[in-house]
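One letter stands for each residue in the lines below.
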Amino acid sequence: MADVNHEGNITKSEEVHFRVMQIVESNPAITQREISAELGMSLGRVNYCINALVEKGLVKIENFKASDTKWRYAYVLTPNGIAEKGALTGRFLARKLREYEALAAEIEALKLARDRKSLPPSSR
């Protein structure tokens, strides 16, 4: 399946980037393992995604001392990352609204079909 963005639609890889950026923005000290668990995806995929975001200049990685003996990383959205997350938010929201409308129409059609089947044959 191609991962091409047409007509302002969000691609699968953009959705993953969007979700990672959401998490990073709300908790910069989160570990990749924690992101992996929260999104239900492999640690390798999270690592690949973060590295892609860093390469694009959307996220920067900073060291900070988490305790006396360990160094950890903080993931920070860059100004370009904040702008990209905003653009992705709009496209993500538009896609979810289309999905919601399609689901609502399907539910309504199923209800109508159920109601037609429950009517006696003479009243159809």
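Up top is the structure these notes are about.
A quick note: this is a predicted structure, and the numbers were derived from the prediction, not measured. Positions within a chain are numbered from 1, following the residues in the order the chain's sequence is written. Reporting of local features is limited, given that this is a predicted model, to residues whose pLDDT is at least 70; pairs of side-chain atoms are given and counted only at 80 or more, and all residues count toward the totals for whole chains, interfaces and linings. Derived side-chain values reflect all non-hydrogen atoms in the structure, with water molecules and hydrogen atoms excluded from consideration.

A. Focus on the overall build of the protein. Here a strand is any run of E in DSSP of at least two residues, a helix any run of H or I of at least four, and the numbering for each starts at the N terminus. A count of helices and strands for the protein gives four helices and two strands. N-terminal to C-terminal, the α/β element order of the protein is α-α-α-β-β-α. Contact definition: two residues touch when any of their heavy atoms are within 4.5 Å. Long-range pairs, those at least 24 residues apart, make up 47% of the contacts in the protein between residues at least 6 apart in sequence. All accessibility values rest on the Shrake-Rupley procedure with a 1.4 Å probe; residue burial counts only the protein chains present in the view. Summed over all atoms, the accessible surface of the protein reaches about 8700 Å², with 55% contributed by carbon and sulfur.

B. Here's a closer look at the packing of helix α2 (residues 32–39) against helix α3 (residues 43–55). In contact at an axis separation of 9 Å, α2 and α3 are set at 115° when each is read in the N-to-C sense. Put simply, α2 runs roughly perpendicular to α3. In terms of crossing hand, the pair formed by α2 and α3 is right-handed. For the pair α2 and α3, the contacting residues are Gln32, Arg33, Ile35 and Ser36 in the first and Leu43, Val46, Asn47 and Ile50 in the second. Taken together, the residues of the contact of α2 with α3 sort by class into four nonpolar, three polar and one charged. Interaxial angles span 0 to 180 degrees and are taken between N-to-C directions of axes, which are lines fitted to C-alpha atoms, for helices over the stretch in contact. An angle counts as roughly parallel when it lies under 35 degrees, as roughly antiparallel when it exceeds 145, as roughly perpendicular when it falls between 65 and 115, and as oblique in every other case. Crossing handedness: left-handed means the near helix sits turned counterclockwise from the far one by under a right angle, and right-handed means the same turn made clockwise. Put simply, Ala, Val, Leu, Ile, Met, Phe, Trp, Tyr, Cys and Pro go in the nonpolar bin, Asp, Glu, Lys and Arg in the charged bin, and everything else, Gly too, in the polar bin.

C. Just the side chain of Ser36, in detail. Among the structural elements, Ser36 can be located in helix α2. Whether a residue is buried, partly exposed or exposed follows from its accessible area with a 1.4 Å probe, protein chains only, as a fraction of its type maximum: under 20%, in between, or over 50%, in that order. Exposure remark for Ser36: the relative accessible area of 11% places this residue in the buried category. In this structure, Ser36 is in contact with Met41, Ser42, Leu43 and Val46, ignoring residues within four places of it in sequence.

D. Main features of a nonpolar patch on the surface. Where nonpolar side chains cluster on the molecular surface, the patch consists of Val54, Ile61 and Tyr73 and spans about 250 Å² of accessible area. By the secondary structure assignment, Ile61 is in strand β1 (residues 59–65). With a relative accessible area of 38%, Ile61 lands in the partly exposed category. Exposure above 30% relative accessible area and the absence of a salt bridge qualify a residue for a patch, where like charges join within 9 Å and nonpolar side chains (Val, Leu, Ile, Met, Phe, Trp, Tyr) within 5 Å. Every case where a carboxyl oxygen of Asp or Glu lies within 4 Å of a side-chain nitrogen of Lys or Arg is listed as a salt bridge.

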